[in-house]
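Structural overview for review
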Amino acid sequence: MKILVFYGSVRRHRQGVKAARFVVSEMERRGHAVTLVDPLEYDFGLLDLMYKEYAADEKPEKMRELADMIVAADGFIVVSGEYNHSIPPALSNMMDHFLEEYFFRPCGIVAYSNGRFSGARVAMQLRAFLSEMGMATISSLFLIANVGESFHDDGTPTKEGYARHFESFANELEWYMKIIKDGSEKYKKPY
């Protein structure tokens, strides 16, 4: 299946990208086609017009590229740090450029922090944010404490157990992707 992994930081010394690389690697190992969506690559500037508000012949190419990937995806994973107990502005700004493109697909939340709370506070805000955008967030969370010490630059864990703990999260997301994909082929979407 096709999965987009949205990552949310643009900070100079960002550490969470290591966790995002881990997520991409684990989902590829499970046989999925995975694309990392990084706001450094998809910088649309501060939200002025949503993708749907541009005339067809005026849609920015990078925005069109991401919209096509979102529509083609079977599911999403959002990897987010905690910025003042909230969602990083680069993540919400990048994702807010789209809406209907996300509808009726599942989304898993991976949250992290440099402290011991593991991004739990941002995970709760992400549930509301992603649900409002039409995604079904799975109940499992994958939370990472001390993210800077937990992964090497390439995304390999520095400690044992991450792959094992990620497995139940991935199993649940895969179940939702299959059920929603099968149901979408059988039943008409409500709108």
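In the block above lies the structure referred to throughout.
Read on for a plain summary of the structure. (Residues numbered from 1 in each chain as written. Predicted model: local features only at pLDDT ≥ 70, side-chain atom pairs only at ≥ 80, totals over all residues. Heavy atoms only, no water.)

This brings us to the sheet that holds strand E2 (residues 33-37). Overall, parallel pairing links the five strands, which are arranged E2-E1-E3-E4-E5 in an open sheet. Strands with a single pairing partner mark the edges of an open sheet, and in this sheet they are E2 and strand E5 (135-144). In this sheet, adjacent strand axes meet at a mean angle of 20° when their direction is disregarded. In this structure, strand E1 (residues 2-7) lies alongside strand E3 (residues 75-80), joined through five bridges in parallel fashion. Counterpart to Tyr7 in the pairing with E3 is Val79. (Pairing = 2+ DSSP bridges. Helix = DSSP H or I, 4+ residues; strand = E, 2+ residues; numbered from the N terminus. Axes fitted to C-alpha atoms, helices over the stretch in contact; angles between N-to-C directions.)

Before going further, it helps to spend a moment on the layout of surface pockets. Here the largest pocket defines a volume of roughly 230 Å³. Lining the largest pocket are 14 residues, with Arg11, Gln15, Tyr83, Tyr112 and Asn114 sitting closest to its centre. A class-by-class count of the residues in the lining of the largest pocket yields four nonpolar, seven polar and three charged. (1 Å grid on protein atoms, 1.4 Å probe; cavity = no way out; pocket = protein on both sides within 12 Å on 5 of 7 lines; lining within 4 Å. Points joined across faces, edges and corners; volume = space filled by probe spheres on them. Nonpolar A, V, L, I, M, F, W, Y, C, P; charged D, E, K, R; others polar.)

Any functional reading would require information that these geometric values do not contain.
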